[in-house]
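Chains, contacts and geometry: an overview
Chain by chain, the residues run as shown.
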Amino acid sequence: MMTRTLATFYVFAAVAGLLAALDPGFPERFRWAMVALSASVLTCAGIAVRWGPRWPRNAFHLAVGSASALIVVAILVSPDPATAVGAATLMSFIAVDACFFFSLPLAWAHMVFAVGGMVTALVLQGDVPTFIAVALAPIIIALGTVTRGLVIRASSASRDPLTGLANRRGFDDSLQELLTTTARTGERLSAVLLDLDHFKQVNDARGHEAGDQVLCRVADVWQHELPAGAVFARQGGDEFALLLPGLRGAEGLALVRRIVALHPEISMSCGVAEHQAGETAAQLMRRADRALYDAKAAGRGRCELDGGVACQLALDLVAALTAGDVHVHVQPIADTADGTVVGVEALARWTHPELGAVPPEEFIAVAEQNGLVAALDAHVVRTACAQLAGVRTARGEQLTVGVNVSGRELTDPHYPARLQALLRETGFPAEHLVLEVTETLVEADSSTAVEALHLLRATGLKVAIDDFGTGYSSLSRLDTLPADVIKLDRSLVATIDSSPRRRQMVGSLAAMCRALGLDVTAEGVETAGQAQVLAAIGCTFSQGWFHGRPVPIAELLASSAVLPATGAPAR
Ligand code: C2E
Ligand code: MG
Ligand code: MG
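In this report, we go over the structure that sits alongside the text. All values reported here derive from a predicted model rather than from experimental measurement.

We now examine a nonpolar patch on the surface. Taken together, the side chains of V11, F12, V15, L19 and L42 define a hydrophobic patch exposed on the protein surface, amounting to about 440 Å² of accessible area. Within the secondary structure, F12 is located in helix α1 (residues 2-22).

With that out of the way, let us pick up helix α10 (residues 249-260). For an α-helix, the turn length of 3.6 residues means that residues three or four places apart are oriented alike. When the terminal C-alpha atoms of α10 are compared, their 16 Å separation across 12 residues agrees well with the 16 Å that a helix rising 1.5 Å per residue should span. By the burial criterion, the buried members of α10 are G249, G252, L253, L255, V256, I259 and V260. Projection of α10 onto a plane perpendicular to its axis shows the buried side chains occupying an angular sector of 165 degrees, all on one side. Packing partners of the buried residues in α10 comprise β1 (189-196), α9 (199-225), β3 (239-245), β4 (268-274) and β5 (303-305).

This part is about unusual backbone geometry. A positive phi angle, close to 55 degrees, is found at H198, a residue other than glycine. Relative to the elements of secondary structure, H198 occurs in the loop between β1 and α9. Overall, the relative accessible area of 44% leaves H198 in the partly exposed class. The phi torsion at D467 lies on the positive side, around 55 degrees, for a residue other than glycine. Residue position: D467 is located in strand β12 (residues 462-468).

For the magnesium ion (ligand 3), the full set of protein donor atoms is D466 (OD), D467 (OD), E523 (OE) and E523 (OE), and the range of their distances to it is 2.0 to 2.7 Å. Site description for the magnesium ion (ligand 3): donor spacing in sequence, D-D-x55-E. In this structure, the magnesium ion (ligand 3) lies 3.9 Å from the magnesium ion (ligand 2), and both are coordinated by D466. For D466, a relative accessible area of 7% puts it in the buried group. For D467, a relative accessible area of 26% corresponds to the partly exposed category.

Cut-offs and rules
- Residues numbered from 1 in each chain as written.
- Chains lettered and ligands numbered in written order.
- Predicted model: local features only at pLDDT ≥ 70, side-chain atom pairs only at ≥ 80, totals over all residues.
- Heavy atoms only, no water.
- Patch = residues over 30% accessible without salt bridge, like charges linked within 9 Å, V, L, I, M, F, W, Y side chains within 5 Å.
- Areas by Shrake-Rupley, 256 points an atom, 1.4 Å probe, with all protein chains shown as cover.
- Salt bridge = Lys/Arg side-chain N within 4 Å of Asp/Glu carboxyl O.
- Helix = DSSP H or I, 4+ residues; strand = E, 2+ residues; numbered from the N terminus.
- Expected span 1.5 Å × (residues − 1).
- Buried < 20%, exposed > 50% of the residue type's maximum accessible area, 1.4 Å probe, protein only.
- Arc of directions from axis to C-beta.
- Contact = heavy atoms within 4.5 Å.
- Donors = N, O, S within 2.8 Å, 3.2 Å for Na, K, Ca; no water.

What is shown is where atoms sit, not what they do.
Structure representation (structure tokens):
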């Protein structure tokens, strides 16, 4: 706002100069000097617009002071008294600038310098009557003072009366303004939400006055330390918000951590988010709020960057994969007819050193977002295939192994070759490996993924459609997807022994799959009742806690459910 005001005055002063210079009555010998002067003032306006928002507040003293000096010189060199008075009226710009930009004492200092200089210059000019020079002074001072009153009144609606910072309204206005600027310039912008920890206890124990002092101290420290262009606001209560134009999220985080450390007696939690292209103000602040929530959940007194927790988790996952700390568990899959274990599903397990067991859905999402899923899935395939090659079912056949494939992997054109290489490396027979893919993932990028599945089936592998019945499963896809097995999601199985309609529905689905030459595996089978119904309606396989929970491979090999690899003891 200061930059714009300054630039506006520069532009109008230049226009005034040019209009005067173009007038035929203007003294010829000064005409080009005036044009040059106006052009340089116009250049100053351009500089202010371009770089002004980055200037520290003190730079405006220089801008206003030098403009005053320039006007004084213009008065002194004016060819006649009328031009001198005309130039003197430009001092009104100075008065308005000073009263708008600076605190009252500093504004007065500027006005005394400017008006004093003007009166002296007019008198020295020689032809201007002294009474005119003196009369101009109060007019100009009145303009500045009244402007100041009006500005204070107008801005109080967007100011917090206690700290003098912008309030929520002021912050929202600034955010909108900065978003418009960043959309035009492509400049970075980070937003921060800050919250005092246990502020209520300060108010309760030491009274509201002490609470107010804490808020004012925070405002003082931060205002002093923040770079030019930053917007610091009190959003209400003990919540503050900050906008950092020109800073990336990580830079914002570093700055915020440094300033928080300057008031160790006041504990604060902060959440930082960097603006992403096309993001609205609400979306940006929601992410900053999420980071703040993470900071509080992690024990308060911390500053977090949105996405920072996931980033750290990704780094920890890389370390775990390298150190072999991602383990593979297997869950038995039984033939519904007689309960014989005919296969297993391999499931990844990761116990984080600090966070404990991380749910697979969570770390697989992190792996997918950070390009780690290929390494993760390859690790699971390699471990399961190496340890289960040659392991037989009670009937003496090779145990079937199901592995989950991320949709991202299927769309990688090198995936089929990588999988073949893993099979060769581990000696696991292709026809006993089942790739579990979810229907929505196949649909997401149908052509590449479906082609990969065709290619892999041609080499003998089997394909299972996982979690069928969730999301947007469509029956028409059943005969178009290259699949051998349908895995019915556990939500379909849960009420199968209590709801006749559900039993009828799953029975019909199983019959249809059979007719299409597809095997059906029911997931999430937890009770004997469910297992019985599934056998009666002709589901081929059954998987769930009733048959066994996921266990380490060694535990499966130690059980009587499987026979060790021929020629080599399984244990
Ligand atoms: P999924 O492939 O549908 O795996 C079955 C999930 O159901 C497993 O959860 C398993 O522990 C759980 N489950 C099995 N029986 C029962 C039961 O009777 N009742 C209940 N309530 N749950 C049962 P988990 O291990 O948490 O895995 C979740 C998902 O994570 C898997 O769903 C799979 O999509 C994914 N996932 C697991 N391991 C891997 C992996 O190595 N690679 C990839 N890409 N995804 C994996
Ligand atoms: Mg699965
Ligand atoms: Mg499943």
